[in-house]
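# Summary of the model geometry
As a plain string of letters, each chain reads:
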Amino acid sequence: MTIPSLIRAELARLTATPLARLAFIALMIVPLLYGGAYLWANRDPYAKLDQVPAAIVDQDAGATLDGERVDYGEDVTKQALDGADFKWTQTSAADARSGVRNGTYDFVVTIPHDFSESLVSAQGDEPKRAELVMTTADTNSYLASTIAEQAGKTMRTAVAERVGKQAAKTLLVGLADVRDSLGDAVDGAGQLASGATSAADGARQLASGTDQLSAGASQLAAETAELPSQTRQLADGAGQVASGASSLASGLADAQRQTADLPAQTQQLAGGAKQVSDNLTLLTKKTDPALQALQTASPDTVTAAITQAAADRGVTLTPEQQAVVAATVQAQLQDEKTQQQLADAKAALQGLDQLRDGSQQVTDGAAQLAAAAPTLSNGIASAASGASQLSTGASQVSAGTSKLADAAPTLSSGASSLASGAASAASGASSLSSGVDQLESGSKELASKLDQGRTKIPASTASQRNAQASVISDPVKVGDDNVAAASNYGAGLAPFFISLAAWIGMYALFLILKPISKRAITAVRKPLSVVLGGWLTPALLGVVQMAALFLIVRFALDLDVVHAGSTVGVMVLASATFAAIIMALNVLLGSVGQFLGLVLMLVQLVTAGGTFPWQTLPGPLAALHFALPMTYSVDALRQTMYGGSMGAVWSDVGVLACWLLGALLVSLVVTARQTRTRTLRDLRPSLIG
């Protein structure tokens, strides 16, 4: 028997009766039903998400932002309802909770009452994170709960982008205002620097003027240092004058009684009076300037005198310096003790002038008396009266000069205080000059730094700030650069379901196919022909199954296939390889091998990496991922359908070819043994078929 005859014989057996034909057709369409139905059901489930029932509960009470009312909860609700990504229903909290429990809604999104308030709190002192509450029930659908989580993340991203854009816009407007304010600050700092320069010049002039004032005050203090001793001498002289005047009055009284001795006595009187008058005249020449100064003393005159004294020395006081001097002098002159002492000194000096005038009269009278002694006797009474007045005036002068002597130390002390104050003022003016110099330097540096800070804040228009806020609120955009893309969810699962369909198709066929012909083993005794004949029958049927499944995938389900010919070739190779493997298991182990084919399919169902990445598998299963053939059929179909690497396709094809040849070799070895000898197990009928 040849290989074609073996194939024809097996096909004839499968179609011998109507029931056999019906079973054959049913098993032939099993992979088509499995692959087609699964891919049809999962072709594009994301396009039907708008049919997933979901509820949204808006409890937001709103908030106030920049004086305007905002209600982000209402905005989120409106955006969800208008977007229609799901079959949204706006309802109450009670209805939503009962609905998610009884399956009316797959999930519920609840917007709390403080949602808006929490969002705007970022601009206050106590920021609070806003919250969206997602209520799910895995009893409705676990994947629906997963999708709900993604919906919540999408809502969160949309709200975060809007709020972030508003916050960023506020920040950018604030920075623009800061930049404008910094410009004004730069101008002000420049004016401050200019004013500080002028102030520094004035402070230096003030320091120079106060130095001169200090020198003049020190000189004044030195010149008034001996004033107390001089006024004390004046007081002593005035006392002597008073004593002499008293003696004069007594003498005139005696002269009135003793007119006999009048000519000689009047001559003596004339000489003594002249001496007294000369002394008083000399004394008043010394005290008149002091009296005149005391009479005209005032803050303005004293200040003018100091200013004139400074000018005489080549120093011109500024108005500010004159104000400092005037304030110091006025404070000293307004002191009650000083005013009293000045008044006493003025009275004493005025009494001295009276004494001088009176002594002059005495001198003249004495001269006249001496010249006209005979007539003096008649006016002796008048002279006695004048002498009495002279005695009274001399006593007043003596009292006044005593007070002047008492006040002189205070005046000298005041001059010393003035000198000390002027020295302090000079020191303060020097410190002021140094401080103003530092102010000038600092204000210039301030203006420079402010200008540098302003230039570091970029100028922007309203449209630029709006664009910047958009970028800040959503800074990253994920670009789609898929080098090998599946057109939809169904196309993504197609390689896995096609591989499973190929295995299931072969497994189903071997329920009615005989792995090898027992009669051929006995009659032909050619193991290779027997094995190839037993394998080519399901392999050819697999070609029909895979061609039909490809037509369903490509045209009925409209899934994109980049390399159609390569895809069909991989499908046929996978089907042929799976046929060889299941045949080898049947040849080697019989019914147990057929059952192991089912077990092997289940193992590959979880290890092939058809849904989740194989890296997520547990360790032992991950190791099987690289050992089993379906892994490579899934990967090869992905490469051909999505336009991936053809090098990877050839690598996968090589692994499948190795499995194919290895399985055929196992079948060949077992068949060769059976052509020579038989065991009781070989003769025992199979439990299956």
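We now turn to the structure provided with this report. Residue positions are given per chain, counted from 1 along the sequence in the order it is written. For a predicted model such as this one, the threshold for reporting local features is a pLDDT of at least 70, and the threshold for listing and counting side-chain atom pairs is 80 or more; totals across whole chains, interfaces and linings nevertheless cover every residue. To get the side-chain values, take all heavy atoms of the structure and skip hydrogens and water.

## Notes on the overall build of the protein chain
This is how it is decided: Secondary structure follows DSSP: runs of H or I at least 4 residues long count as helices, runs of E at least 2 residues long count as strands, and numbering of each begins at the N terminus. The buried label goes to any residue with under 20% of its type's maximum accessible area, the exposed label to any with over 50%, and the partly exposed label to all in between, with areas taken from a 1.4 Å probe on protein chains only. Only heavy atoms matter for contacts: two residues are in contact if any of them lie within 4.5 Å across the pair. Each accessible area is a Shrake-Rupley result for a 1.4 Å probe, and residues are judged covered by the shown protein chains and nothing else.
Assigned secondary structure in the protein chain consists of 23 helices and 6 strands. Out of the 689 residues in the protein chain, the part that is buried amounts to 40%. In the protein chain, once contacts between residues fewer than 6 apart in sequence are set aside, the share between residues at least 24 apart is 82%. For the protein chain, the accessible surface area stands at approximately 36,300 Å², while carbon and sulfur atoms represent 58% of it.

## With respect to the packing of aromatic side chains
The condition that has to hold: Geometry of aromatic contacts follows a simple scheme: Phe, Tyr and Trp rings, the Trp one being its six-membered ring, pair when their centres are within 6.5 Å, and the pair is stacked under 30 degrees between planes, edge-to-face over 60, tilted otherwise.
Under the definition given, this model contains 10 aromatic pairs. A centroid spacing of 6.1 Å and a plane angle of 65° characterise the contact between Y34 and F497, whose relative ring orientation is edge-to-face. Placement of Y34 in helix α3 (residues 30–41) and of F497 in helix α15 (residues 489–509) is noted, with a sequence separation of 463 residues between them. With a centroid separation of 5.7 Å and 85° between ring planes, the pair formed by Y46 and Y489 is classed as edge-to-face.

## Observations concerning the packing of helix α2 (residues 18–28) against α3
Note the cut-off: Between N-to-C directions, angles cover 0 to 180 degrees, with each direction set by a line fitted to C-alpha atoms, over the stretch in contact for helices. Small angles under 35 degrees read as roughly parallel and large ones over 145 as roughly antiparallel, with 65 to 115 read as roughly perpendicular and the rest as oblique. Each residue gets one of three labels, nonpolar for Ala, Val, Leu, Ile, Met, Phe, Trp, Tyr, Cys and Pro, charged for Asp, Glu, Lys and Arg, and polar for the others, Gly among them.
Running from amino to carboxyl end, α2 crosses α3 at an angle of 30°, the nearest separation of the two axes being 4 Å. In terms of orientation, α2 and α3 fall into the roughly parallel class. Across the interface between the two elements, A26, L27 and M28 from α2 touch V30, P31 and L32 from α3. Split into classes, the residues belonging to the contact of α2 with α3 amount to 6 nonpolar, no polar and no charged.

## Examining the pattern of salt bridges
Formally: Every case where a carboxyl oxygen of Asp or Glu lies within 4 Å of a side-chain nitrogen of Lys or Arg is listed as a salt bridge.
Counted by the stated rule, this structure contains 4 salt bridges. A salt bridge links K128 to D114; the shortest N-O distance between them is 2.7 Å. On the criterion of sequence distance, the pair formed by K128 in the loop between α6 (115–120) and β6 (133–136) and D114 in the loop between β5 (107–111) and α6 is long-range, its members being 14 residues apart. Judged by relative accessible area, which is 48%, K128 ranks as partly exposed. Across the pair R554 and D558 runs a salt bridge, and its minimum N-O distance is 3.6 Å. On the accessibility criterion, R554 (24% relative accessible area) is partly exposed.

## Focus on unusual backbone geometry
With a phi close to 55°, D66 is a non-glycine residue in the positive phi region. Residue placement: D66 occurs in the loop between β2 (63–65) and β3 (68–70). The exposure class of D66 is exposed, given its relative accessible area of 60%. Phi is positive for D558, close to 55°, though the residue is something other than glycine. Inspection of the secondary structure puts D558 in the loop between α17 (527–556) and α18 (564–589).

## Points about the nonpolar core
The condition that has to hold: What is meant by a nonpolar core is a set of buried Ala, Val, Leu, Ile, Met, Phe, Trp, Tyr and Cys residues, joined one to another through side-chain atoms within 4.5 Å.
Counting residues in each nonpolar core, the largest one holds 72 residues, and the members touching the most others are L39, I498, W503, L509, W535 and L549. Excluding residues that lie within four positions of it along the chain, W503 makes contacts with F578, I581, I582, G597, L600, M601, Q604 and M630.

## Re a nonpolar patch on the surface
To keep it simple, the criterion reads: Only residues above 30% relative accessible area that lack a salt bridge enter a patch, with like-charged residues linked at up to 9 Å and the nonpolar side chains Val, Leu, Ile, Met, Phe, Trp and Tyr linked at up to 5 Å.
A contiguous nonpolar surface patch, about 520 Å² in accessible area, is contributed by L588, L589, V592, F595, L596, V599 and V666. Listing elements by their share of the nonpolar patch, those giving two or more residues are α18 and α19 (591–607). Here the element with the most residues in the nonpolar patch is α19; it accounts for 4 residues. Mapped onto the fold, L596 is located in helix α19. Accessibility expressed as a relative area gives 32% for L596, which makes it partly exposed.

## Structural notes on the pairing of β5
To keep it simple, the criterion reads: Pairs of strands are assigned from DSSP output, requiring at least two bridges between the strands.
In terms of burial, β5 is largely enclosed, as 5 of its 5 residues are buried. Where burial is concerned, the two faces of β5 agree: the one with F107, V109 and I111 and the one with V108 and T110 are both buried. Here 4 bridges tie β5 to β6, and the two strands are oriented antiparallel to one another. The residue of β6 that forms the bridge with T110 is V133.

## Digging into α18
Note the following rule: A helix is expected to span 1.5 Å for every residue after the first.
Taking 1.5 Å of rise per residue, 26 residues should cover 38 Å, and α18 covers 37 Å from first to last C-alpha, within 8% of that figure. Remark: G590 follows α18 within two positions and exhibits a positive phi of approximately 70°.

## What to know about a negative patch on the surface
Which entries qualify depends on this criterion: For this count, His and the chain ends are skipped, Lys and Arg are scored as positive, and Asp and Glu as negative. In plain terms, the charge of a residue is placed at NZ if it is Lys, CZ if Arg, CG if Asp and CD if Glu.
Judged by side-chain charge, D177, D180, D184 and D187 come together as a negatively charged surface patch. Looking at the secondary structure, you find D180 in helix α7 (residues 142–223).

## Observations regarding the packing of helix α21 (residues 630–642) against helix α22 (residues 646–676)
How we decide: We call a crossing left-handed when the near helix sits turned anticlockwise from the far one by less than a right angle, and right-handed when that turn is clockwise.
With their axes 9 Å apart at the nearest point, α21 and α22 run at an angle of 150° to one another. On the basis of the axis angle, α21 is roughly antiparallel to α22. Taken as a pair, α21 and α22 cross one another with a handedness that is left-handed. Note on element contacts: α22 touches α21 through A648, V649, D652, V655 and L656, opposite Y632, S633, D635, A636, Q639 and T640. Across the contact of α21 with α22, the residue classes break down as 6 nonpolar, 3 polar and 2 charged.

## A few points about helix α4 (residues 72–83)
Note the threshold: Each C-beta atom gives one direction from the helix axis, and the arc is the one those directions make. For this analysis, a polar contact is any N or O atom pair within 3.5 Å, provided that within protein one partner can donate a hydrogen and the other can accept it, and provided that sequence-adjacent residues contribute only side-chain to side-chain pairs.
Spanning 12 residues, α4 covers 16 Å between terminal C-alpha atoms, matching the ideal 16 Å at 1.5 Å per step. Those residues of α4 not exposed but buried are Y72, G73, V76, T77 and A80. In an axial view of α4, the angular spread of the buried residues amounts to 140°, which keeps them on one side of the axis. Seen from the open side of α4, the exposed residues pointing more than 90 degrees away from its buried face are K78 and D82. Looking at where α4 begins, the residue whose side-chain oxygen comes 3.3 Å from the main-chain nitrogen of G73 is D71. Following α4 by one or two positions, A84 adopts a phi angle in the positive range, close to 55°.

Nothing here speaks to function; it is geometry throughout.
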